[in-house]
Amino acid sequence: MSSHDRKERFYITTPIYYVNDLPHIGHAYTSLACDVMARYYRIRGIDSRLLTGTDEHGLKIQRSAESRGETPQALTDRISDNFRLLAGEMNVSYDDFIRTTEERHKEECQKLWCRLYDRGDIYKGKYAGWYATSDEAYVEESELIEKDGKYVVASGAEVEWVEEESYFFRLSRFQDRLLDYYKSHPDFVYPKSRYNEVVSFVEGGLEDLSVSRTTFSWGVPVPGDESHVMYVWLDALVNYVSALGRVDPPSALHEKYWPADWHVVGKDILRVHAGYLPAFLMSADLPLPRGVFAHGWWTSEGQKISKRLGNVLDPVKLKRMYGLDQLRYFLLREVPFGRDGDFVRRRLCERNNADLANDYGNLCQRTLVLLSRYGEGIMPRLEGLLAGDEAFLLKVGEALKCSEVAMERLGFDEALSEIWKCLRMANIYIDNEEPWRVVKEDRVRGVLILGVILEVLRRVSLYVWPFMPDSCDKILDLLGVGLEDRRMESLEKPVAGGTQLPPPEIVFPRLREEEIEDGT
Ligand code: ME8
């Protein structure tokens with residue numbers, strides 16, 4: 001049994017997003033994936049916690065505020081709110097939203113710093129090097145490119161030569177321990193290709209890490225030496241711990257949820273999460289997360305998403321155009337989680353029409369209309385099933401079990417494809433059984449066929465719920481499933497025979513791409 005199989009509680013985190021930019025589809029994507037996992041465990045009765053938030057310190061923010069004539073606090077308050085609003089708009093069911101400018105974070109950050117310092121893993125030295133401000137990173141001389149008489153790096157960020165007194169974290173000390181840890185925890189980094197990337201990165205050698213700055217003041221002050229503020233990555237990575245409250249003595253939240261089950265991040269920040277974070281935690285003598293998942297990168301209609309190209313995809317506008325659940329479904333179904341993906345609106349419409357409007361919505365609508373026409377909209381008792389019905393239900397159960405295995409590994413597309421197998425089988429079943437014809441000869445049998453399909457739709461909807469909670473709730477309403485039965489514990493409990501169902505309604509309308517107004 002791998003460590004990911006521990007089920008009594010579940011803690012998942014999104015990266016904390018920088019507040020120097022407006023939220024876009026990439027941020028929404030990571031948060032949605034985490035939301036689906038948190039809901040997946042919640043509906044299974046597992047106490048699950050989802051953390052998100054904003055990363056608010058650093059030179060870039062300080063400068064950006066100065067250039068607008070604002071205080072950094074005012075700027076971060078304003079932009080952080082956009083991320084909170086985005087989570088709400090995307091129906092991301094976060095339990096906590098942490099901001100690195102909050103006292104609760106700064107306090108724990110300083111205590112952790114002291115722990116690392118007391119262990120002898122932080123020392124004072126001098127740093128000199130090229131610094132790419134907008135990337136918040138020191139860069140090697142070999143990475144510099146000359147442009148218009150200035151030096152820049154591949155991302156386009158300008159660099160400057162910085163010399164400063166700095167505290168260093170003895171990252172080099174942790175190289176062997178990290179490698180041993182990866183070896184004994186092959187599930188620590190997902191997907192597998194990323195695991196290999198992390199191992200080679202660490203095998204390549206780790207230098208001590210500069211973890212403080214004196215060139216700006218917008219940061220967490222270093223305890224005992226307030227001319228320094230902490231390096232943004234140390235400050236930021238600590239959020240996953242600090243959000244749970246005190247470490248020593250541990251708060252109730254810390255005891256319950258630490259370590260996290262998954263830190264979900266984009267591939268851009270995998271190394272800091274799978275390399276630096278575990279080293280900091282080892283030094284602080286804290287347990288390591290069960291896993292880090294690095295997902296891929298979205299482009300838009302084949303192009304890199306960038307403000308300069310004017311193709312930044314605003315998730316809220318996309319939601320208004322296509323519908324929230326349509327967007328949630330598309331993002332998690334279209335691309336295997338871990339791979340890069342291209343956001344193509346035509347594909348979103350196609351997926352919506354084929355998977356949601358046809359396979360799922362139309363099956364539901366058709367069956368409910370037939371039941372209201374021939375069975376007065378009353379759910380039949382599932383008695384007197386034929387061998388073929390039983391075999392069909394069994395196959396549905398098997399596919400749904402396969403989807404669970406995929407979900408444990410954040411294999412969203414695979415899980416959905418297993419679930420959709422059930423819907424395809426159900427569509428074949430209704431076509432083969434022809435209940436609209438059977439009811440005319442044998443009403444009881446005809447209505448029973450409809451009952452079997454509705455039962456499959458009920459089960460399927462419980463599995464789809466974490467992905468599209470609002471739409472599935474609507475479907476579960478139409479199927480007569482009480483609120484108390486919208487959980488996996490009730491999976492084997494069909495809707496009672498005799499339940500009067502509400503009038504059918506279309507849940508997933510078809511989308512016609514040419515009719516959708518482009519508001520982005
Ligand atoms: O890196 N495709 O914050 P950030 C997919 N503050 N995901 C994308 C994306 C895209 N095109 N663009 C952004 C930071 N993301 C730090 C993190 S954590 C302790 C500190 C997502 O605002 C993806 O999850 O630059 C990526 O890792 C994250 O946004 C980067 O957000």
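One can find the structure itself at the top, above this paragraph.
Predicted, not measured: the structure shown is a model, and the values here were computed from it.

About the cut-offs
- Residues numbered from 1 in each chain as written.
- Predicted model: local features only at pLDDT ≥ 70, side-chain atom pairs only at ≥ 80, totals over all residues.
- Heavy atoms only, no water.
- Near = heavy atom within 4 Å.
- Polar contact = N/O pair within 3.5 Å; in protein donor to acceptor, adjacent residues only side chain to side chain.
- Areas by Shrake-Rupley, 256 points an atom, 1.4 Å probe, with all protein chains shown as cover.
- Helix = DSSP H or I, 4+ residues; strand = E, 2+ residues; numbered from the N terminus.
- Nonpolar A, V, L, I, M, F, W, Y, C, P; charged D, E, K, R; others polar.
- 1 Å grid on protein atoms, 1.4 Å probe; cavity = no way out; pocket = protein on both sides within 12 Å on 5 of 7 lines; lining within 4 Å.
- Points joined across faces, edges and corners; volume = space filled by probe spheres on them.
- Phe/Tyr/Trp six-rings, centres within 6.5 Å; stacked < 30°, edge-to-face > 60°.
- Buried < 20%, exposed > 50% of the residue type's maximum accessible area, 1.4 Å probe, protein only.
- Lys NZ or Arg CZ within 6 Å of the ring centre and 35° of its normal.
- Bend = angle between axes of the 7 residues up to and from the residue.
- Contact = heavy atoms within 4.5 Å.
- Pairing = 2+ DSSP bridges.
- Axes fitted to C-alpha atoms, helices over the stretch in contact; angles between N-to-C directions.
- Core = buried A, V, L, I, M, F, W, Y, C linked by side-chain atoms within 4.5 Å.
- Patch = residues over 30% accessible without salt bridge, like charges linked within 9 Å, V, L, I, M, F, W, Y side chains within 5 Å.
- Salt bridge = Lys/Arg side-chain N within 4 Å of Asp/Glu carboxyl O.
- Lys, Arg positive; Asp, Glu negative; His and termini not counted.
- Charge placed at Lys NZ, Arg CZ, Asp CG, Glu CD.

The local shell around the ligand holds 22 residues, among which Ile 16, Tyr 18, Thr 30, Asp 55 and Asp 268 are the closest. Tyr 18 places a main-chain nitrogen or oxygen 2.9 Å from an oxygen atom of the ligand. At a separation of 3.4 Å, an oxygen atom of the ligand approaches a polar side-chain atom of His 295. Contact with the protein chains removes 94% of the 680 Å² of surface that the ligand exposes when unbound. Elements with a contribution of two residues or more to the shell around the ligand: β1 (9-18), α1 (25-42), α7 (232-237) and α8 (239-242). Sorting elements by how many residues they give to the shell around the ligand places β1 first, with four residues. Grouping the amino acids of the shell around the ligand by side-chain chemistry returns eleven nonpolar, nine polar and two charged.

On inspection of all chains with the given rule, the structure shows four cavities of 30 Å³ or more. If you add up the space inside the largest cavity, you get close to 90 Å³. In terms of lining residues, the largest cavity is bounded by Cys 109, Leu 112, Trp 113, Leu 116, Leu 234, Leu 237, Val 238, Val 241, Leu 277, Phe 280, Leu 281 and Ala 284. Listed by contribution, the elements that provide at least two residues to the lining of the largest cavity are α4 (103-118), α7 and α10 (270-284). Class assignment of the residues belonging to the lining of the largest cavity gives a composition of twelve nonpolar, no polar and no charged. Space inside the second largest cavity adds up to approximately 70 Å³. If you list the elements that add at least two residues to the lining of the second largest cavity, you get α1, β2 (47-55) and α3 (72-89). Within the lining of the second largest cavity, the residues separate by chemical class into nine nonpolar, three polar and no charged.

Turning to the packing of aromatic side chains, a few remarks are in order. All told, the structure shown has 30 aromatic pairs when counted by the stated rule. Geometrically, the ring pair formed by Tyr 181 and Phe 188 is edge-to-face, given 5.3 Å between the ring centres and 85° between the ring planes. When its relative accessible area of 18% is taken as the criterion, Tyr 181 is described as buried. Looking at Phe 188, the relative accessible area reads 1%, which means it is buried. Where Tyr 190 meets Trp 262, the ring centres are 5.9 Å apart and the plane angle is 85°; that geometry is what we call edge-to-face. Taken as a pair, Tyr 190 in strand β9 (residues 189-190) and Trp 262 in strand β13 (residues 262-266) lie far apart in primary sequence, 72 residues in all. With relative accessibility at 1%, the residue Trp 262 sits in the buried group. An aromatic cluster is present here, built from Tyr 29, Tyr 190, Trp 262, Phe 293, Trp 298, Phe 330, Phe 337, Phe 343, Phe 412 and Phe 467 joined pairwise through their rings. For the cation-ring pair, Arg 84 lies above Phe 97, with the distance from its terminal atom to the ring centre recorded as 4.4 Å. The ring of Tyr 195 carries the charged tip of Lys 192 above its face, separated from the ring centre by 4.1 Å.

Next up on the list: helix α13 (residues 345-375). Along α13, the helix axis deviates most sharply at Gly 361, where the bend reaches about 40°. A positive backbone phi angle near 55° is found at Glu 376, which sits one or two residues after α13.

Let us look at unusual backbone geometry. Cis geometry is found at the peptide bond from Tyr 190 to Pro 191, where omega equals -10°. Mapped onto the fold, Pro 191 is located in the loop between β9 and α6 (192-203). The omega torsion of the bond from Asp 248 to Pro 249 falls at -10°, within 30 degrees of zero and hence cis. Within the secondary structure layout, Pro 249 lies in the loop between α8 and α9 (252-257).

Among the structural elements, His 24 can be located in the loop between β1 and α1. A distance of 2.9 Å separates the side chain of His 24 from the backbone nitrogen of Gly 26, its partner in a polar contact. Those residues within four positions of His 24 in sequence are excluded, and the remaining contacts are Val 312, Leu 313 and Pro 315.

We now examine the sheet that holds strand β3 (residues 96-99). Across the sheet, six strands lie side by side as β3-β2-β1-β13-β14-β9; this open sheet has parallel pairing. Edge positions in the sheet fall to β3 and β9, since each of these pairs with one other strand and no more. Direction of pairing for β2 relative to β3: parallel, over a ladder of four bridges. The residue bridging Leu 51 from the neighbouring strand is Asp 96, located in β3. Where α10 meets the sheet, its contacts fall on β9, β13 and β14 (292-295), and the angle it forms with β13 comes to roughly 140°.

Ranked by size, the top nonpolar core spans 99 residues in total, and within it Phe 343, Tyr 360, Phe 412, Trp 420 and Met 468 carry the most contacts. With twelve residues, the single largest contributor to this core is helix α17 (residues 443-464). If near-sequence neighbours (up to four positions away) are discounted, Met 468 is found in contact with Asp 325, Tyr 329, Leu 356, Tyr 360, Trp 420 and Phe 508. Core analysis: the next-biggest nonpolar cluster, separate from the first, contains 59 residues, Leu 112, Ile 122, Leu 178 and Tyr 195 among them.

This part covers the environment of Arg 9. Position of Arg 9 relative to the elements: it lies in strand β1. Taking the C-alpha atoms as reference points, Arg 9 and Arg 42, separated by 33 residues in sequence, lie 9.3 Å from one another. For Arg 9, the contacting residues outside a window of four places in its chain are Ile 46, Asp 47, Lys 256, Tyr 257, Trp 258, Pro 259, Asp 261 and Arg 290. Among the polar contacts listed, one links the side chain of Arg 9 to the backbone oxygen of Tyr 257, at a separation of 2.6 Å. Of the polar contacts made by the side chain of Arg 9, one reaches the backbone oxygen of Pro 259; its length is 2.6 Å.

A cluster of acidic side chains, namely Glu 140, Glu 141, Glu 143 and Glu 207, defines a negative patch on the protein surface. Among the secondary structure elements, Glu 143 is positioned in the loop between β5 (137-139) and β6 (145-147). Here Glu 143 falls in the partly exposed class, since its relative accessible area comes to 39%.

These figures capture arrangement, not role.
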